[in-house]
Number of protein chains: 2
Amino acid sequence: MSERKDVQPSGVPVPCLTCDARSGGVCGTLDAEQLASLAKASSKKRLESGAELIGDAQTVEAYSNILSGVVKLTKGLPDGREQIVGLQFAPDFLGRPFQDESAITAHAATNVVLCSFPKRTLEMLIKQSPRLEHFLLNQTLRELDEARDWMLTLGRKNALEKVASYLLLIARYIDPAVDPDSQSIAFDLPMSRLEIADFLGLTIETVSRQLTKLRIDGVIAVSQNRHIVVANPERLRMRSGC
Amino acid sequence: MSERKDVQPSGVPVPCLTCDARSGGVCGTLDAEQLASLAKASSKKRLESGAELIGDAQTVEAYSNILSGVVKLTKGLPDGREQIVGLQFAPDFLGRPFQDESAITAHAATNVVLCSFPKRTLEMLIKQSPRLEHFLLNQTLRELDEARDWMLTLGRKNALEKVASYLLLIARYIDPAVDPDSQSIAFDLPMSRLEIADFLGLTIETVSRQLTKLRIDGVIAVSQNRHIVVANPERLRMRSGC
DNA sequence: CGTGTGTTTGATCGCTTTCAAGTTCAGTGG
DNA sequence: CCACTGAACTTGAAAGCGATCAAACACACG
């Protein structure tokens, strides 16, 4: 690709012009020149649901911005038990800076579009740009807050509270202001029952039973397995334990 | 205190000269001038085991370095259930940058010595010192790794594996190279059975029973409640599920 | 129309919790 | 030094919740 086609008079690379992640994510912290050097080395990737992005103990040679879709981060025990330890949504940054080997596995939970770039390129930019490092610190702190919230759920909530908490988590991703108003909210679950179970530290059967319970109690309506209507978010919150 | 007594010819403030955290922690990233301005605003605090450092939803006006002891971070449910979501040891940095309200509670798990300084002072230094921000990013990434390890333990391990994992965690803090050699290792638990239970998402009775099981199996020896001798670290690791 | 995958439902089992004593330990005052 | 006291810990018995095993159901696809 020629420079003429790649770079606008404004200095913003063409592929970045229409990119949702440009303002929200990593790229929003870069000046035009830095953005250009990152864009030159980056490529858009489409992944089907279920595809593996990063393998456990695998050398990581790329970082990515999530442009759309949901990525799940998992850890496993030698005997096959699995736990999802994080969910990442657009426009999150994906990758573990300053560490060559990943201790976790990443999979596409839905169809996913990424903007990937080499580890080296980004690490060079980090050294140049305190704003970028500040952005990463903030995202990492947010992920840590989320992980700790989830530890409370995993360690101290019962099955019903776990499932209710999960539904609230997804509902809030769709509409962050879901609680105060008691409007109903509808969405499609980005994950299968097995994945939900791996997220909640439960089995599929238990997840299914708790969804049934919430359905019978009139808190939610379920259709086609994945489609959820939360009739009464406030009642769902009451069942989530907090 | 006069400057003459506070500052050495080298430029290193006197109280910092003998400080263990000076090289390992936040202060190691600062130049002499920055260290001096931080030292001027900081004060050493001794806290008894059980003291509250940061309350939930309380405005945080100070950050700290942990000079000695163990700090536990907890989250609770409205009905009183509690979960420990993190342990911090010297020379960790304590506090949640860029957020006025704490979402968690911090308590001294043992007697603790802190070096505290005002939020404002550190935030000013962060703006000046990319090295400091880099240090904080690294510590936060490490804490996130630890939190995710623990999510696997909370969600997918049974009671015996949880207790074994906890003992390994503490043993590794005492001696990081505890696994490869099969030497025995002895230490005092920094936490009560209730705290261990809150860490593992179990009850005190279950923690006690699993410790008894490990004792009967000859994996550990327990005396005076808190003192543990791990006779065979490798067998302990085998029982931890990974 | 059959096949396969994902989900629901049912019955039973087992682990962890709960409730209820005991026991050990550290601290205090005689 | 020892007896007393309260807190922390251990042990036991029973109950409950989620896991496991098994079967039925629903939907997509060839």
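Sequence positions are assigned chain by chain, starting from 1 and proceeding in written order. Labels follow written order: the first chain is A, the first ligand is 1, and so on. Given that this is a predicted model, residues contribute local features only at a pLDDT of at least 70 and side-chain atom pairs are listed and counted only at 80 or more, while totals for whole chains, interfaces and linings are drawn from all residues. Each side-chain value is worked out from all heavy atoms of the structure, with water and hydrogens disregarded.

Per an unreviewed UniProt entry, chain A goes by the name Transcriptional regulator and belongs to Pararhizobium antarcticum.

Residues and elements named next belong to chain B. Axis definition: a line fitted to C-alpha atoms, over the contacting stretch in the case of helices. Angles run 0 to 180 degrees between N-to-C directions. Labels follow the DSSP assignment, with helices taken as runs of H or I lasting at least four residues and strands as runs of E lasting at least two, numbered in each case from the N terminus. Viewed as axis vectors pointing N to C, helix α8 (residues 193-200) and helix α9 (residues 204-216) meet at an angle of 100°, and their least axial separation amounts to 8 Å. In this view, α8 runs roughly perpendicular relative to α9, as classed from their interaxial angle. Within the contact between the two elements, α8 uses Arg-193, Leu-194, Ile-196, Ala-197 and Leu-200 and α9 uses Ile-204, Val-207 and Leu-211. Among the residues making up the contact of α8 with α9, the classes are represented as seven nonpolar, no polar and one charged. These descriptions rest on fixed angle ranges, namely under 35 degrees for roughly parallel, over 145 for roughly antiparallel, 65 to 115 for roughly perpendicular, and the rest for oblique. Whether two residues touch is decided by their heavy atoms; if any such pair falls within 4.5 Å, the residues are in contact. When residues are grouped by polarity, Ala, Val, Leu, Ile, Met, Phe, Trp, Tyr, Cys and Pro land in nonpolar, Asp, Glu, Lys and Arg in charged, and all others, Gly among them, in polar.

With that out of the way, let us pick up the domain arrangement of chain A. Residues and elements named next belong to chain A. Reported domain spans reflect what an automatic or database domain assignment gives. Taken domain by domain, chain A consists of domain 1 (3-153) and domain 2 (157-238). Just the C-alpha atoms count here: the centres of domain 1 and domain 2 sit 27 Å apart. Counting residues at the interface gives 13 residues for domain 1 and 13 residues for domain 2. When a carboxyl oxygen of Asp or Glu lies within 4 Å of a side-chain nitrogen of Lys or Arg, that pair is called a salt bridge. Put simply, domain 1 and domain 2 have one salt bridge between them. In this structure, Lys-72 engages Glu-195 in a salt bridge whose closest nitrogen and oxygen atoms are separated by 2.8 Å. Pairing of N or O atoms within 3.5 Å defines a polar contact, subject to two protein rules: one partner must be a possible hydrogen donor and the other a possible acceptor, and residues neighboring in sequence count only if both atoms are side-chain atoms. Our count for the contact surface shared by domain 1 and domain 2 stands at six residue pairs in polar contact (both at pLDDT 80 or more).

Attention shifts here to the protein's contact with DNA strand C. We call a residue near a molecule or strand when any one of its heavy atoms sits within 4 Å of it. Near DNA strand C there are 18 residues, and of these Arg-193 and Thr-212 of chain A together with Ala-159, Thr-206 and Arg-209 of chain B occur at the shortest range. Each atom of DNA strand C within 4 Å of the protein was assigned to sugar, phosphate or base; sugar and phosphate come to 64%. With respect to DNA strand C, the side chain of Ser-208 of chain A contributes an N or O atom lying 2.8 Å from a phosphate oxygen. Between a base oxygen of DNA strand C and a side-chain N or O atom of Arg-209 of chain B, the distance comes to 2.8 Å. Going through the elements one at a time, α9 (204-216) of chain A together with α9 of chain B are the ones with two or more residues in the surface near DNA strand C. Considering each element in turn, the surface near DNA strand C owes the most residues, five residues, to α9 of chain A.

As a further point, take the packing of aromatic side chains. Between the rings of Phe, Tyr and Trp (Trp by its six-membered ring), a pair exists once the centres lie within 6.5 Å; its type follows the angle of the planes, with under 30 degrees stacked, over 60 edge-to-face, and the other angles tilted. In the structure shown here, the tally under the stated rule is eight aromatic pairs over all chains. With a centroid separation of 4.5 Å and 15° between ring planes, the pair formed by Trp-150 of chain A and Phe-199 of chain A is classed as stacked. Here the residue Trp-150 of chain A occupies a position in helix α6 (residues 130-156), and Phe-199 of chain A occupies one in helix α8 (residues 193-200), the gap between them amounting to 49 residues. Like Trp-150 of chain A, the residue Phe-199 of chain A is buried in the burial classification. Here the aromatic rings of Phe-89 of chain B and Tyr-173 of chain B are separated by 3.9 Å at their centres, their planes lie at 25°, and the arrangement is stacked. Taken together, the positions of Phe-89 of chain B in strand β5 (residues 82-89) and Tyr-173 of chain B in helix α7 (residues 159-174) put the pair 84 residues apart, joining distant regions of the chain. The exposure class assigned to Phe-89 of chain B is buried, which follows from its relative accessible area of 12%. Among the aromatic residues, those joined into a cluster by ring pairs are Trp-150, Tyr-166 and Phe-199 of chain A. Exposure classes here rest on a 1.4 Å probe applied to the protein chains alone. A residue is buried below 20% of its type maximum, exposed above 50%, and partly exposed in between.

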